[in-house]
Structure formats: C-alpha cells, structure tokens
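Next come the chains, spelled out residue by residue.
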Amino acid sequence: MNHDYEVAVIGAGHAGIEAALASSRLGSKTVVFSINLDSVGNCPCSPSIGGTAKGTLVREIDAIGGEMAKAADECFLHSRILNTGKGAAVQSIRAQIDREKYKCRMKHKLETQENLHLKQAEIISLERLNELWVIKTRIGTIYKSKCVILASGTYLRGRVHIGEVNYESGPDGVFPSNFLTNSLEKLRIPIKRFKTGTPARILKSSIDFSALEIQKGDEIVTPFSYDSENIGKNKIICHIARTNNKIKEIILKNIHRSPMYKGEINGIGPRYCPSIEDKVMRFIDKESHQIFVEPCGVNTEEIYLHGMSSSMPQDVQTQIYRTVEGFENAVIMRFAYAIEYDIIDPFCINPTLEFKFLDGLYSAGQVNGTSGYEEAAAQGLVAGINAALRCHNKEQIVLSRSNSYIGTLIDDLVIKGVDDPYRMLTSRSEYRLFLRIDNADERLMPIGRKIGLINDFSWSKFELRMEQKNKELTRLKNTSIKPTYESNKIFSDLNISCKSINAECLLKYPDVTYGMIKKIDKNSPNLSKDIVNRVEIEVKYEGYIKRQVKQIEKTKKMEKNVLPKNIDYFKIKNLSLEAREKLTKTNPLNLGQASRISGVTPADISVLMIWIEKNRQKQKIQDLSS
C-alpha cells in the first residue's frame, strides 16, 4: 500500500476538518487521522456555532473558502443576531445546531472530498527523515508526508476530573492520545498544561419549561455563509434559567471537594468561560448567574446547560442542578466534568502556523492554547492552506490584524503567547469597527479567490454584492430628499429646518434608517437585507471608519520594516534588557509585530528603527562596492 502523502492532518475536530479540506481542495494529496471516526466534527461542549466575535470568525472562514459556515447553516436549529442594541462592531450571529447532524455532515464531507483520505488511527510518534515526516500509528502503520498539521484538540494526555474521581480520557469518553506528547517533546517542542470543562446534559422531559424565560430566535434568520440562501426559519425555542443563593451555599459548603480547589488539577482553566464553582468563588457578591438552556438536537432528548460547567462530585452536581428553578426533578444523563490536556507553547510557531524550527510541521486549534470551535476552525483553515502552498513551493499567506479577526487571533498567539485558554473577543481587536461581520467578504474573499478556494459561483455573487452596494452609496450621495408629506414629518421629528437635504446626510442621523429613506425616496432600489445593512453602516460610521483605515495604514508601514531572521538582539545597543529577552524569545518577523510584544517599549522600537536603517545603508554600500 502507498502510504505517502503531501499533507497529513492529526485530528479531525474543527481545526483538522478545515485543514484537511483546504489542503486537498488546493490539490495536495491529504490524509486526516481521527482516534475514533465517530468523533469527527464532534461538538463536545456547547451545541452551537458563533457568538460575539466568534460569529465573525465563522464569516471570515467562509469568505476565504472554509466549510464551517455552510455546515452551520445546514444544521442550525435556532439562530439570532447578538447585540442588536449596540454598535455594528460588536454585532454577530450565534446559532444552536443539531450536534449529531453536524458531525455526520462534516464526516461525509471528508469522505467524499477528492484528494483526501479519512482514517481511524491514533498517531503515537512523529519523526523528521530526509525532508519528510514519518508518522507512526498505535498499531504500527507507517505514513510519510511532506507536511504535517497537528490538530489534536484536547486529546493529548487527556485526563477527566469529576470530584474525587479522575482518569485518562479524551472528550466525551473517547480514548486520549497518551503517546504523541512524548514524541513532540523529543522534537524540543515546549509543552504546557491547560484545562477546560463542560456542563451536565439533562433529560428534556424532566425539566419544567414553564418556570423558565423563553429565548426566541430571529424572525428572519441571517445565514453564516455568503452562499446560503433561504435557509428557513428557527425550528426550536431556547430558554434561560438562573442560579440562586442556595446554589451558592451548596458550592461553598462543598468547595473542598472540587478538584480545582483541592489542587488535583494542574492545568490552567479558561478565564472567560469559568465553571459554576469558579463563578461563585470569583464573584462571591453576585446573587445569580444566567444559564442558557439549549437542546442538543432534534433526535435527542439531551439538554445542554450553557454556563453551568463543573468538576464537582456527582452528588454535589445533582444538588446544584436540582436547586435551579424548573430543574427540581432534573434527570442527569451525562455528568459535568473538567478535562486537562497538553498544548504546545504558541511562541514556537510562525504566523503561518508552521513551527519556527521544524520545517513542514504546523499546529492548529486547541493544541495551540485556544478555546472554542470557531477559533480552532480558523487556525485549521490557515494551516491547511499554508501546508498546501508549501508543498507546491508557493508563498505562504499571513493574515494581518488589520484585515481579519483570524489574523488578530494568530498574531496574539505567536506574539503574546497564552497563559490560559484564548478566546476571541471583539475587545482584542483595535480595528473592530473595520473588522465587522457584514464585510468579511470584502476583506478576505479576494484572498480566498487568489489562493484558489473561492469558485466562480461564489465570486460572481461577491462581485454583484459589491456592485449593488457601491452603486447605492453613490446614488445616496447624489440624491436630494425634497419636501413631501412623509419627508416633512421626518424633518419635523428631527428638527431639520431646511426644505431639502442630501439622502446620505439624512441617513447619518442616528434615528434615521434606510427604510425611512426608502419611504420618502421613490427611486430607492429593492436591495437585500445584507446590502441595506452594509450601506447603512458605511454611511453612519463613515468618519470613524476612515479614521480606523488611517490607523491601519500606519500599522502596514511598520510591518513593511522586516526584521532579519536569527538576529542577535543582545548585540543591539540601547535596547532594554527586557526587550532583548522578549524579542529573542518571540523572534518577530517585522517591526509591527515587535511593537506588540509586552515589555517592548516605544523607545525600544525607535532603537530598532535606527538599527534597520543603518543595516539598509550598510547593504547599499556593500552592493555599490561589489
């Protein structure tokens, strides 16, 4: 049998799926391994895709040519746009999905993809030999590949904790990967230990939904994918419950039995998605916390309790859940647990997600220290693209902070590192008004097209959207709203004294919507909800967006100042000691990256700028003399 491949992907979770699909679609012969084929595309925690900032990641994945958005649209049960009462920069889509349908859909996509083989195997070792990676499975099969993408999720030396009980396991009771970490350590890859957790699953018929607050989805569902149309209406209703003081008392009384607080868990847990016992201990004065009650699918009675992850013993969990109003008779189908796992230190990877010192080895997803399906999928897509480009001797891509949340995510990982599981937040981007969910295609689809992941159908739809938007923006600039009964009423409500006003200027008023313009301007075209939203945002936020674009241009100038590889920062005079240490550890590619390293001051950047200019002058003199 021929076991030679161009790209091998270890792990078939959200990162592995995107990596394998991207590399195979770009013409590389690819193999993807999963410890258990039944866990391909699994959502071991929340049965949802998207959320604040995360929904924008999903849109960006779609804009480049990834799969997650399309799968979420096909499998959604309940969808809504978050933060509609706030500004455009923080609005995003979140969808409950049918967990089993999503898994089956993604597995079938891998099975039917050209140039791609899906195999059940536990990888136990990696070795570099004659410019190829030699991959060994638990049963002794040997594979060879030009590139390898590590997408092992939370499987590396996974250990589950439930109260006083702990045992080796991956998520959802799947076998852990106990041998691969040793192989990575032999390659001198630095390893850290993280922890995450998941709530219990409750039998639907044991819940009194009449005691819960109803959370409806949007009347008109907004799809994640730019290719999706008429994906239908919401199929289910979600609910909200709350914790109470009695739950706090139960947790405080039994906190000594928590493996986290007993010191049995060494891994660092997530800052932004803490367990219920963590919430109680951190926010001791808070009387209650929200619980989002979410179905796991159409053909299952399991209910997921978002916000109630725990590692407390079973008897304490039962007390806690049955103290929530509406859950007095709750039947627990799966108990909550915490899971510890190994990650690689992301300081040792480049923005391409290739290891700095191991050619052809890439890393993507939770193994890089992130949390969340969306963050994993985004990294997997980038790693898959770059592995394929490397195989074909093409220049690899680096997404920047200024063009995407994906670029921001990767830049944070490789420049700042991780002290706890990294979650994408809108606050992590200094350009969040520019990096909105509505314009992901404008920012990234040309990149996906150039790479070869955007087909003619998707590209023609993109060109039509841009034509419609730009045409309407131009029309509004050149249109005057003249006095009519409807316009006079609007003018009066807004205290506008002039007899006529430019349509674009009128739309800039906070209380004026595009729908109001359309009512009083009979020449307004019939545009889709998506185009109307873009037009309205660009008109209302025009000044702020222009200011952010100027900031982006400044950053791009900094990033054009490339720093040589293997530079000895300890030989550069006037750099602070901390800067020398941090720059040596991080080894930034350019001045822009260097400026974002904690401990590197503006004064240090000035020293580097002078050093770069001196080097350029030296090079010019050498070129002239030769």
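Moving on, we get to the environment of Ala 388. Position of Ala 388 relative to the elements: it lies in helix H10 (residues 373-391). On the basis of relative accessible area, Ala 388 is assigned to the buried category, the value being 1%. Excluding anything up to four places from it in sequence, Ala 388 contacts Val 7, Ser 23, Leu 26 and Ser 28.

This part is about the sheet that holds strand E4 (residues 76-82). Adjacent strands of a sheet form backbone hydrogen bonds with each other and so pair up, either parallel or antiparallel. One open sheet holds the three strands; their spatial order is E3-E5-E4, and the pairing between them is antiparallel. If you trace the sheet from one side to the other, it starts and ends with strand E3 (48-50) and E4, each paired once. On average, adjacent strands in this sheet sit at an angle of 15 degrees to one another, irrespective of strand direction. With three bridges joining them, E3 and strand E5 (residues 92-97) adopt antiparallel strand pairing. Looking at E5, one finds that Ile 49 is bridged to Ala 95.

Time to look at the state of the cysteines. Within the structure shown, the criterion is met by zero disulfides. In this structure Cys 45 is not part of a disulfide, and its nearest cysteine sulfur, from Cys 273, lies 6.2 Å away. Judged by relative accessible area, Cys 45 falls into the partly exposed class, the value being 21%. With no disulfide partner, Cys 147 has as its closest neighbouring cysteine sulfur the one in Cys 391, 3.8 Å distant. Judged by relative accessible area, which is 1%, Cys 147 ranks as buried.

This structure, assessed with the given rule, holds four aromatic pairs. When the ring of Phe 33 is compared with that of Tyr 143, the centres are 4.9 Å apart and the planes differ by 70 degrees; the resulting orientation is edge-to-face. Placement of Phe 33 in strand E2 (residues 30-34) and of Tyr 143 in strand E9 (residues 142-150) is noted, with a sequence separation of 110 residues between them. Owing to a relative accessible area of 1%, Phe 33 belongs among the buried residues under this scheme. Taken together, Tyr 5, Phe 33 and Tyr 143 form an aromatic cluster joined through their ring pairs. Looking at Lys 235, its charged tip hangs above the ring of Phe 76, at a distance of 3.8 Å from the centre.

As a further point, take the pairing of strand E8 (residues 132-137). Relative to E8, strand E7 (residues 123-129) is paired through six bridges, and the arrangement is antiparallel. In the sheet register, Arg 128 faces E8, and the bridge partner there is Trp 133. Where E7 folds back onto E8 in an antiparallel hairpin, the turn is made up of two residues, including Asn 130, whose phi is positive at roughly 50 degrees. As paired strands, E8 and E9 are joined by four bridges and run antiparallel to one another. When the bridges of E9 are listed, Val 134 appears paired with Lys 144.

When you line up the elements, Arg 534 lands in helix H17 (residues 529-540). We classify Arg 534 as buried; its relative accessible area is 0%. In contact with Arg 534, other than residues within four places in its own chain, are Tyr 226, Asp 438, Asn 439, Asp 441, Glu 442, Arg 465, Met 466 and Lys 469.

Pairing is antiparallel in the open sheet, where four strands are placed in the order E11-E10-E19-E12. Lying at the two open borders of the sheet, with one neighbouring strand each, are strand E11 (165-168) and strand E12 (191-198). Within this sheet the neighbouring strands show an average axis-to-axis angle of 25 degrees, counted without direction.

Before going further, it helps to spend a moment on helix H2 (residues 54-64). Where burial is concerned, most of H2 is hidden: eleven out of the eleven residues are buried. The set of residues buried in H2 consists of Lys 54, Gly 55, Thr 56, Leu 57, Val 58, Arg 59, Glu 60, Ile 61, Asp 62, Ala 63 and Ile 64. The first or second residue beyond H2 is Gly 65, which carries a positive phi of 120 degrees.

Within soluble globular proteins, side chains that are nonpolar tend to cluster in buried spots. Counting 123 residues, the largest nonpolar core has Leu 110, Leu 126 and Ile 385 as its most contacted members. For this core, the element with the highest residue contribution is H10, accounting for twelve residues. In terms of nonpolar packing, the next biggest core, distinct from the first, is built from 25 residues, Ile 250, Met 312, Val 324 and Ala 336 among them.

Time to look at helix H4 (residues 99-112). Every α-helix carries 3.6 residues per turn, so stepping three or four residues along brings you back to the same face. Spanning 14 residues, H4 covers 20 Å between terminal C-alpha atoms, matching the ideal 20 Å at 1.5 Å per step. Every buried residue of H4 is accounted for by Arg 99, Tyr 102, Lys 103, Arg 105, Met 106 and Leu 110. Down the axis of H4, the sector holding all buried residues measures 165 degrees, keeping them to one side.

This part covers the packing of helix H6 (residues 245-254) against helix H9 (residues 314-323). Contact geometry of H6 with H9 gives a least axis separation of 9 Å together with a crossing angle of 165 degrees. The orientation of H6 relative to H9 falls into the category roughly antiparallel. Here H6 runs over H9; the crossing is left-handed. Residues Lys 246, Ile 247, Ile 250, Ile 251 and Asn 254 of H6 form the contact with H9, whose participating residues are Val 316, Gln 319, Ile 320 and Thr 323. For the contact of H6 with H9, the class distribution of residues is five nonpolar, three polar and one charged.

This paragraph deals with the pattern of salt bridges. For the coordinates displayed, the defined rule picks out 53 salt bridges. Notably, a salt bridge pairs Arg 159 with Glu 168, separated by 3.9 Å at the nearest N-O pair. Ionic pairing is found between Asp 172 and Arg 334, a salt bridge with its closest N-O pair at 3.6 Å. Taken together, the residues span a long stretch of sequence, with Asp 172 in the loop between E11 and helix H5 (180-186) and Arg 334 in strand E18 (residues 332-334) at a distance of 162 residues.

Moving on: the environment of Glu 472. Checked against the element boundaries, Glu 472 lands in helix H13 (residues 456-477). In this structure, the C-alpha to C-alpha distance between Glu 472 and Val 535, residues 63 residues apart in sequence, is 7.5 Å. Those residues in contact with Glu 472 that lie beyond four places of it in its chain are Tyr 514, Pro 525, Leu 527 and Val 535.

A contiguous nonpolar surface patch, about 320 Å² in accessible area, is contributed by Leu 252, Tyr 261, Met 281 and Ile 284. Along the chain, Ile 284 turns up in the loop between helix H8 (276-282) and strand E16 (290-295).

About the cut-offs
Residues numbered from 1 in each chain as written. Predicted model: local features only at pLDDT ≥ 70, side-chain atom pairs only at ≥ 80, totals over all residues. Heavy atoms only, no water. Helix = DSSP H or I, 4+ residues; strand = E, 2+ residues; numbered from the N terminus. Buried < 20%, exposed > 50% of the residue type's maximum accessible area, 1.4 Å probe, protein only. Contact = heavy atoms within 4.5 Å. Pairing = 2+ DSSP bridges. Axes fitted to C-alpha atoms, helices over the stretch in contact; angles between N-to-C directions. Disulfide = S-S within 2.5 Å. Phe/Tyr/Trp six-rings, centres within 6.5 Å; stacked < 30°, edge-to-face > 60°. Lys NZ or Arg CZ within 6 Å of the ring centre and 35° of its normal. Core = buried A, V, L, I, M, F, W, Y, C linked by side-chain atoms within 4.5 Å. Expected span 1.5 Å × (residues − 1). Arc of directions from axis to C-beta. Parallel < 35°, antiparallel > 145°, perpendicular 65-115°, else oblique. Left-handed = near helix turned anticlockwise from the far one by under 90°. Nonpolar A, V, L, I, M, F, W, Y, C, P; charged D, E, K, R; others polar. Salt bridge = Lys/Arg side-chain N within 4 Å of Asp/Glu carboxyl O. Patch = residues over 30% accessible without salt bridge, like charges linked within 9 Å, V, L, I, M, F, W, Y side chains within 5 Å. Areas by Shrake-Rupley, 256 points an atom, 1.4 Å probe, with all protein chains shown as cover.

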